[in-house]
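In case you want the letters, here they are:
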Amino acid sequence: MQKIQSEIRRVDAGILTAVRQQSNSGTKAKEDLAAATRAVEELMHKIREIKTKAEQSETMVQEICRDIKKLDFAKKHITTTITALHRLTMLVSAVEQLQVMVSKRQYREAAAQLEAVNQLCSHFEAYRDVPKINELREKFKNIKQILKSHVFSDFSSLGTGKETEETNLLQQLSDACLVVDALEPSVREELVKIFCSRELTSYRQIFEGAELAKLDKAERRYAWIKRRLRTNEEIWKIFPPSWHVAYLLCIQFCKLTRTQLVDILDNLKEKPDVGTLLLALQRTLEFEEELAEKFSGGTWNRETGSDIEDVNKGDSNSQTVSDIRKKYEKKLASHHGSGTDEKDGHKDLSVPGAGFNFRGIISSCFEPHLTVYVELEEKTLMENLEKLVQEETWDTEEGSQTNILSSSMQVFLIIRRSLKRCSALTKNQTLFNLFKVFQRILRAYATKLFARLPKGGVGIVAAATGTDGQIKTSDRDGRVICYIVNTSEYCHKTSGELAENVSKIIDSQFADKVDMSDVQGEFSTVITKALLTLVQGLETKFDAEMAAMTRVPWGTLESVGDQSEYVNSINLILTSSIPVLGSLLSPIYFQFFLDKLAASLGPRFYLNIYKCKHISETGAQQMLLDTQAVKTILLDIPSLGRKTSGAASYSKFVNREMSKAEALLKVILSPIDSVGDTYRALLPEGTPSEFQRILELKGLKKADQQSILDDFNKHISGVTQPSVVQSVVPAAPMSPAAVVAAAAGAGNTVSAVAIASREDVLTRAAALGRGAATTGFKRFLALTEAAKDRKDGPFRKLFSP
């Protein structure tokens, strides 16, 4: 407790000391705050004093400088006045000197003086209201008018021959050009325009006369301007290069020439001669190409110009159109380099109107009159087409890998030549019209190919003999049809490429209209018709075999043997034809041919069974064997043609078509009491008339057929059975025949019988009755037993799982 009390006393003493210190600190803080407040007040007082003194100083300075500012403005105005008076003195002196120079025609000095006067006048733009200044400006304007009249007067002698007599005239005119540059730009334009017009006056007079105002004289026009340019080349050097006098002269020449040629073409009383028209167009294109080269940074092609002049000296009418085109194509080849440069934009941009395009400036006027050229091209192409078709051997060259007719390649060759000729002349409406000609030529060629296909028999004799519409083809005909298919495919592809090429070179406004889809459709039609003709021709070869099938005594066969002779004939026809067709046709068209053949031969074989008179059970067994053999033959066709790409789909197609014939024979083999159920199960799409025909094939009499037909008609309107097996299964235990029919209807082949033992087959034969277990049937069993051990042959399919 003593320790605690001692601690309490110590703490109380500390608290007391802290309270005393806090009291002393509060008093000191108040003193410090008061001192700070006094210092701020003193500072504000000093600031007010400084501000007052500053205002007083500013007032004092203004009082001092008021007179100095007036003196400064006065000095500035005096300096400006002195400078203006000095320049006015210079202007008056310069105008007087210029007037003297003009009177003496001192053009070089006057040009420099004009620059000086123009600069001096620019300083007096603000003094237009001063009479003296206006007087000087009017005087200067009059001097310029006099100077302009002097210059124009001197230039009027240029081209008259005086420049060669007076040696100083050219130098004087060269100095005058300096004066023109010093004057307004409109003066130069006016002078050049007058000069060009005066230069072309003689041209206008010469070529508007009756003698030379003809289409065949067009090349002489271009020779005239080129001679004029060469003759005056040295004289026209007096013009500064920036004036581009020759460039502007050629533009005026082209416009004038175009106007005159339009008048000539429009006033023709009859269609122009194609050779003359094309020669004029060719020379015009050559001239435009030369101008484009000359004024786009290229060099003047003197060789081309002299060559054209040489042609002018000869008889132009003696040249053929092809010669003209060949010569022009040669010229285009020589000009190709400079033309590329221009396209790349290497132009002299200092030329006034450097974007001016010489190409087409004159030649475009020929465009509306080139229909005669297109007509000539069409006539020539048609004649060549007729000649090529007539000379066509309808066979390919030995060693050829394409298997297409040579006439097709020749047709596109002459079309490409025609396109090359026309594109060298024009790429506008005429080229589009020629493209339409190409379409007509290719349609005509497609018609020629279509006409070459073998046709079916027509007329009274054909109708009487039953051959109306049948197409008979030989082995050579088959090859020709394959060549036509390949040729049509080549034409289909190449015509599309032709349209692409034309769309690239023709003007953009026609590019969207260039289309070969209609022509390609025509060749596609030829391909389809050719393949169908090939199928029909092969079908016709089977006529004798189909007839032989119906002549076999199916109702009196005593035993089942090997496949019938008509099957061997069918196999022989296919093995001799298919390899050739497979080697000539492309895989896609060979597949199309096979599909059509299977779609034709399968139903035909099925319907041919109905044409037989009577089929006994032994006959049905033999026919079922033949059917399986035919099916095997058809399935082997892709390997015969060495084309296996679409074999799977084709095999499925053949199995589907031939299974109908197998099903029909199984119905014929079924017992009388279950024939209706078997027919409905295996041939659900069959009709009552077909069922009645089956009864006739089985040898039933009319009276015996009626009860079976009545029972069949009762069931035909019933509910469709969910499966073949269920529809065949009766309430009573099934017979062996019903088992076989049910297995076949469920998708098994006739080989379903083979899964039973030999004793089961004998039991089935005994149940079927009608002498099935005879010597002939035993022969059939012996053959089937032997066939099980063979790796090939028509019977092997019977025992495939």
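Residues numbered from 1 in each chain as written. Predicted model: local features only at pLDDT ≥ 70, side-chain atom pairs only at ≥ 80, totals over all residues. Heavy atoms only, no water.

Per an unreviewed UniProt entry, the recorded name for the protein is Vps53-like, and the organism is Macleaya cordata. Under the UniProt heading Sequence similarities (unreviewed entry), the note attached to the protein is "Belongs to the VPS53 family." (UniProt positions renumbered as here; feature names shortened; annotations may be inferred.)

Caption draft 1: View of the UniProt feature "coiled-coil region" (unreviewed entry) in the protein. In the numbering adopted here, UniProt assigns the feature "coiled-coil region" (unreviewed entry) to residues 33-60. The distance from the first to the last C-alpha atom of residues 33-60 is 41 Å, and the span holds 100% helix and 0% strand. (Helix = DSSP H or I, 4+ residues; strand = E, 2+ residues; numbered from the N terminus.)

Caption draft 2: Quick peek at the packing of aromatic side chains. A complete count under the given rule lists 14 aromatic pairs for this structure. Relative to Phe295, the ring of Tyr247 has its centre 5.3 Å away and its plane inclined at 75 degrees; by these criteria the two rings are edge-to-face. Here the residue Tyr247 occupies a position in helix 8 (residues 245-266), and Phe295 occupies one in the loop between helix 9 (274-294) and helix 10 (302-313), the gap between them amounting to 48 residues. Overall, the relative accessible area of 18% leaves Phe295 in the buried class. With centroids separated by 5.7 Å and ring planes inclined at 70 degrees, the aromatic side chains of Phe253 and Phe287 adopt a geometry described as edge-to-face. Here Phe253, found in helix 8, pairs with Phe287, found in helix 9; they are 34 residues apart in sequence, far enough to count as distant. For the pair Phe253 and Phe287, a shared accessibility class is recorded, and that class is buried. Taking the ring centre of Phe295 as reference, the NZ or CZ of Lys294 above it sits at 5.7 Å. (Phe/Tyr/Trp six-rings, centres within 6.5 Å; stacked < 30°, edge-to-face > 60°. Buried < 20%, exposed > 50% of the residue type's maximum accessible area, 1.4 Å probe, protein only. Lys NZ or Arg CZ within 6 Å of the ring centre and 35° of its normal.)

Caption draft 3: Spotlight on the nonpolar core. Counting residues in each nonpolar core, the largest one holds 189 residues, and the members touching the most others are Phe155, Phe239, Phe358, Leu574, Phe593 and Ile609. Considering each element in turn, this core owes the most residues, 12 residues, to helix 14 (residues 429-452). (Core = buried A, V, L, I, M, F, W, Y, C linked by side-chain atoms within 4.5 Å.)

Caption draft 4: Quick look at the packing of helix 13 (residues 406-425) against helix 16 (residues 475-505). Direction vectors running N to C along helix 13 and helix 16 enclose 10 degrees, while the axes themselves pass 11 Å from each other. It follows from the interaxial angle that helix 13 and helix 16 lie roughly parallel. Here helix 13 contributes Ser408, Met409, Phe412, Ile415, Arg416, Leu419 and Ser423 to the contact with helix 16, which in turn contributes Thr487, Tyr490, Cys491, Thr494, Ser495, Leu498, Val502 and Ile505. Residue composition of the contact of helix 13 with helix 16, grouped by class: nine nonpolar, five polar and one charged. (Axes fitted to C-alpha atoms, helices over the stretch in contact; angles between N-to-C directions. Parallel < 35°, antiparallel > 145°, perpendicular 65-115°, else oblique. Contact = heavy atoms within 4.5 Å. Nonpolar A, V, L, I, M, F, W, Y, C, P; charged D, E, K, R; others polar.)

Caption draft 5: Examining the pattern of salt bridges more closely. Counted under the stated rule, the structure contains 15 salt bridges. Glu377 serves as the salt-bridge partner of Arg421, at 3.1 Å between the closest nitrogen and oxygen. One end of the pair, Arg421, is in helix 13; the other, Glu377, is in helix 12 (residues 371-391), and 44 residues separate them in sequence. Each member of the pair, Arg421 together with Glu377, is buried. Through salt bridges with shared partners, one network takes in Glu219, Arg283 and Glu286. (Salt bridge = Lys/Arg side-chain N within 4 Å of Asp/Glu carboxyl O.)

Caption draft 6: Inspection of the environment of Arg452 at higher detail. Within the secondary structure, Arg452 is located in helix 14. You can call Arg452 partly exposed: its relative accessible area is 23%. Put simply, Arg452 and Trp394 are 58 residues apart on the chain and 9.1 Å apart in space, counted from C-alpha to C-alpha. In this structure Arg452 touches Trp394, Arg476, Val480 and Ile484, once residues within four positions along its chain are discounted.

Caption draft 7: Expanded view of the packing of helix 12 against helix 13. Viewed as axis vectors pointing N to C, helix 12 and helix 13 meet at an angle of 165 degrees, and their least axial separation amounts to 10 Å. Classed by the angle they form, the pair helix 12 and helix 13 counts as roughly antiparallel. Remark: the crossing between helix 12 and helix 13 carries right-handed chirality. Taken together, the residues of helix 13 that come into contact with helix 12 (itself represented by Tyr373, Glu377, Leu381, Asn384, Leu385 and Leu388) are Ser407, Gln410, Val411, Ile414, Ile415, Ser418, Arg421, Cys422 and Leu425. (Left-handed = near helix turned anticlockwise from the far one by under 90°.)

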